[in-house]
Amino acid sequence: MSSNDPFARLPEAAAFTVVSTTVADGAAWPSEQLSGISGIAGGKDVSPHLSWSGAPDGTRSYAVTVYDPDAPTGSGFWHWAVADIPAAVTELPEGAGDDTGSGLPEGSFQLPNDARASRFIGAAPPAGHGPHRYFTVVHALDVDTIGVPADATPAALGFTMAGHILGRAVLTTTAETPA
């Protein structure tokens, strides 16, 4: 695990709460949230359940991202990005990030992850690389729509969101593939 702090150079934001019935903060991803697409045994690429509360006043929409800063790429690895979640929505069911985004609220959309799939792709740290951290973040935004195209990268979403983030709720999980 690296000491890379993915929030170190981002603007400060109010904290609020995100929880999951899928996984506890600080715990290892269950096998369903590992990547079957990447060939991890038992992996199913099922996005986690997420529920959040306490977002700052003025929140007009949300975005959700899942990022591994420990991936051996020099830039980490984006596993999931969802934009334009309406402010009235405070929960995503487990599996919402499937190929069709069937569990996402109307108006929201998934951006292509670093595997270039517009869906959730589970954890897949290289064998023997050690534990990786996965930051699942709900971003409270001050705009109804963030204005990125559906084919934008998660990094472009993050860049566009930087000046619109009112709050940030973070759930950190881990995964490791033995050598």
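Use the structure listed above.
Residues numbered from 1 in each chain as written. Predicted model: local features only at pLDDT ≥ 70, side-chain atom pairs only at ≥ 80, totals over all residues. Heavy atoms only, no water.

## Regarding unusual backbone geometry
Positive phi outside glycine occurs at D45, with the angle close to 55°. Mapped onto the fold, D45 is located in the loop between β2 (17-19) and β3 (50-53). Take D45: its relative accessible area is 5%, and that puts it in the buried class. You will see that D84, though not glycine, has its phi angle at about 60°, which is positive. Mapping D84 onto the fold places it in strand β5 (residues 77-86). (Helix = DSSP H or I, 4+ residues; strand = E, 2+ residues; numbered from the N terminus. Buried < 20%, exposed > 50% of the residue type's maximum accessible area, 1.4 Å probe, protein only.)

## Quick look at the pattern of salt bridges
Taken as a whole and judged by the stated rule, the model has three salt bridges. R60 is paired through a salt bridge with D144; the nearest N and O atoms lie 3.0 Å apart. With R60 in the loop between β3 and β4 (61-68) and D144 in the loop between β8 (132-141) and α1 (154-161), the pair connects residues that are 84 residues apart, well separated along the chain. In this structure R60 comes out as partly exposed when scored by relative accessible area, which is 41%. You can call D144 partly exposed: its relative accessible area is 48%. Measuring nitrogen to oxygen at the nearest pair gives 2.9 Å for the salt bridge that ties R133 to D70. Here the residue R133 occupies a position in strand β8, and D70 occupies one in the loop between β4 and β5, the gap between them amounting to 63 residues. Each of the two residues, R133 as well as D70, counts as buried. (Salt bridge = Lys/Arg side-chain N within 4 Å of Asp/Glu carboxyl O.)

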